[in-house]
Amino acid sequence: MKKKYDYLIVGAGLYGCVFAHEMKKQGKTSLVIDKREHLGGNVYTEKMEGINVHMYGPHIFHTNDKSIWDYVNSIVPFNRFTNSPLAFYQGKMFNLPFNMNTYTQLWGILTPEEAKVKIATQIVPNANPKNLEEYALSAVGRDIYEVLIKGYTEKQWGRKCKDLPVSIIKRLPVRFTYDNNYYNDAYQGVPIGGYTLLIERLLDGIEVKLNTDFFADKEQLQNLANHTIYTGKIDQFYDYKFGKLAYRSVTFEHLIVQKKSYQGNALVNYTDINVPYTRIIEHKHFEFGNQPNTVISKEFPKESAATDEPHYPIGDAINKTRFAQYKKLTQEEKTISFGGRLAEYKYYDMHQVIASALSKCKIKEI
Ligand code: FAD
């Protein structure tokens with residue numbers, strides 16, 4: 001029997017919203033629910049002092065895939081914000097990612113040849129690094145590791161670099177040009193008017209219920225639609241029967257500052273272990289704002305407790321095994337599909353989660 005909606009979509013994050021948008025284009029109806037009081041999941045932006053504040057952390061869209069870039073720009077135009085973060089350590093500022101500016105600031109050297117010689121003297125060779133510290137020392141040497149990597153990474157993960165796997169940092173970029181652009185991708189920027197505008201446009205004409213937890217009324221909600229798209233936590237869906245999947249969390253302290261600019265840059269990392277936050281985000285710079293006041297957010301990493309938002313999956317062996325058990329169960333489901341960062345227990349960048357939702361829309365059986 002045909003039900004009221006074609007799809008019940010659990011989660012108004014990017015995955016759920018792209019899916020609903022595409023299905024509407026195909027003439028299908030959706031009800032999108034979210035347990036939060038706002039749309040957008042982690043990309044949600046809120047206006048404060050006329051500035052679009054990234055409430056769950058800084059979000060810079062970057063991709064090499066022109067079709068994904070064109071897709072998001074067809075919904076809302078993006079600017080060209082280039083991510084050029086800085087690092088503050090014991091009274092000094094350094095450019096990131098590691099490039100000629102960083103080497104000049106660290107060692108006063110000026111040419112790529114000098115930088116290569118200096119780094120070579122710093123490196124601790126290791127063909128088979130067993131932990132993050134050994135890997136970083138073998139890739140970039142002692143000064144960069146001590147000043148720019150160690151404290152930040154240990155705060156971020158709540159563990160010593162000696163106890164962290166190599167896999168949690170991507171290949172460390174070592175550039176020999178004066179180039180502060182963090183990403184190598186061809187396209188990057190943020191939506192002009194904020195991510196919430198992007199989400200609102202994706203959901204234009206689609207029914208949404210906020211403050212609605214799927215688990216508070218699971219059967220009744222599922223009965224409203226022929227098929228459910230679930231983007232919440234996979235372990236919760238199966239009542240944690242194989243155990244909880246672990247996450248690392250971050251919390252934010254948002255502050256209005258009565259001055260035009262606080263730090264002159266969108267992102268400043270605090271790499272000293274003795275500073276409790278990992279970075280300060282100054283939101284107006286994402287859209288080149290000229291407002292009289294500014295809004296900053298301090299980012300504090302922490303272990304994920306039951307009441308925290310889960311952010312970064314801990315991809316160690318035990319959690320990988322647990323996830324594989326849950327994934328097996330999902331393959332037996334007929335009227336429910338799973339997608340997005342929480343259901344797939346995966347760190348997804350925005351362009352990747354959009355690509356994943358778009359490819360799900362092409363599957364004929366759902
Ligand atoms: P979510 O946005 O988490 O959406 C899932 C939604 O489901 C949530 O709104 C949640 O409330 C809802 N939900 C869960 N359970 C239930 C339930 N039981 N009932 C109802 N609703 C439920 N990506 C980039 O490309 N660039 C960046 O610079 C970048 N920065 C980031 C910074 C931080 C700090 C973090 C954590 C992530 C960052 N990302 C970035 C990644 C980006 O946030 C994700 O790619 C994207 O948000 C994933 O979308 P999603 O729909 O899968 O998940």
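Residues numbered from 1 in each chain as written. Predicted model: local features only at pLDDT ≥ 70, side-chain atom pairs only at ≥ 80, totals over all residues. Heavy atoms only, no water.

K.L.:
Is there a simple way to explain the nonpolar core in this structure?
P.N.:
Within soluble globular proteins, side chains that are nonpolar tend to cluster in buried spots. Core analysis: the largest hydrophobic core is formed by 49 residues, its most contacted members being Phe 98, Tyr 103, Ile 144 and Ile 149. Examining the composition of this core, we find that six residues originate from one element, helix H6 (residues 142–157), more than from any other. Residue assignment places this core across two domains, with domain 1 (5–81 + 188–240 + 314–361) and domain 2 (86–171) each supplying three or more. For Ile 144, the contacting residues outside a window of four places in its chain are Phe 98, Tyr 103, Leu 106, Trp 107, Gln 122 and Ile 149. Ranked by size, the runner-up nonpolar core spans 46 residues in total, among them Tyr 15, Val 32, Leu 203 and Ala 266. (Core = buried A, V, L, I, M, F, W, Y, C linked by side-chain atoms within 4.5 Å. Buried < 20%, exposed > 50% of the residue type's maximum accessible area, 1.4 Å probe, protein only. Helix = DSSP H or I, 4+ residues; strand = E, 2+ residues; numbered from the N terminus. Domains from an automatic or database assignment. Contact = heavy atoms within 4.5 Å.)

K.L.:
What is the right way to look at the packing of helix H2 (residues 66–75) against helix H11 (residues 350–361) in this model?
P.N.:
Packed helices, taken two at a time, are described by the angle their axes make and the gap between the axes. Running from N to C, H2 and H11 cross one another at 90 degrees; their axes reach a closest spacing of 10 Å. Judged on the interaxial angle alone, H11 and H2 are roughly perpendicular. For the pair formed by H2 and H11, the contact residues are Ile 68, Tyr 71 and Val 72 on the first element and His 351, Ile 354, Ala 355 and Leu 358 on the second. (Axes fitted to C-alpha atoms, helices over the stretch in contact; angles between N-to-C directions. Parallel < 35°, antiparallel > 145°, perpendicular 65-115°, else oblique.)

K.L.:
Help me understand the side chain of Asn 83, please; the structure alone is not making it clear to me.
P.N.:
Residue position: Asn 83 is located in the loop between H2 and strand S6 (86–89). The residues touching Asn 83, leaving out its near neighbours within four places in the chain, are Ile 60, Asn 180, Asn 181, Tyr 182, Tyr 183, Gln 188 and Leu 267.

K.L.:
What should I look at first to understand the side chain of Thr 231 in this one?
P.N.:
Looking at the secondary structure, you find Thr 231 in the loop between strand S10 (225–230) and helix H9 (234–237). Reaching out from Thr 231, the side chain makes a polar contact with the backbone oxygen of Val 10 at a distance of 2.7 Å. If sequence neighbours within four positions are ignored, Thr 231 has contacts with Val 10, Gly 11, Tyr 15, Gly 16, Gly 339, Leu 342 and Ala 343. (Polar contact = N/O pair within 3.5 Å; in protein donor to acceptor, adjacent residues only side chain to side chain.)

K.L.:
Please explain the site of the ligand as it appears in this structure.
P.N.:
If you check the shell around the ligand, you find 30 residues, and the closest are Asp 34, His 59, Arg 341, Tyr 348 and Met 350. Between the ligand and the protein, one listed contact pairs an oxygen atom with a backbone N or O atom of Asn 42 at 3.0 Å. Here a nitrogen atom of the ligand sits 3.1 Å away from a polar atom, N or O, in the side chain of Tyr 347. Its free accessible area being 990 Å², the ligand has 97% of it covered by the protein chains. (Near = heavy atom within 4 Å. Areas by Shrake-Rupley, 256 points an atom, 1.4 Å probe, with all protein chains shown as cover.)

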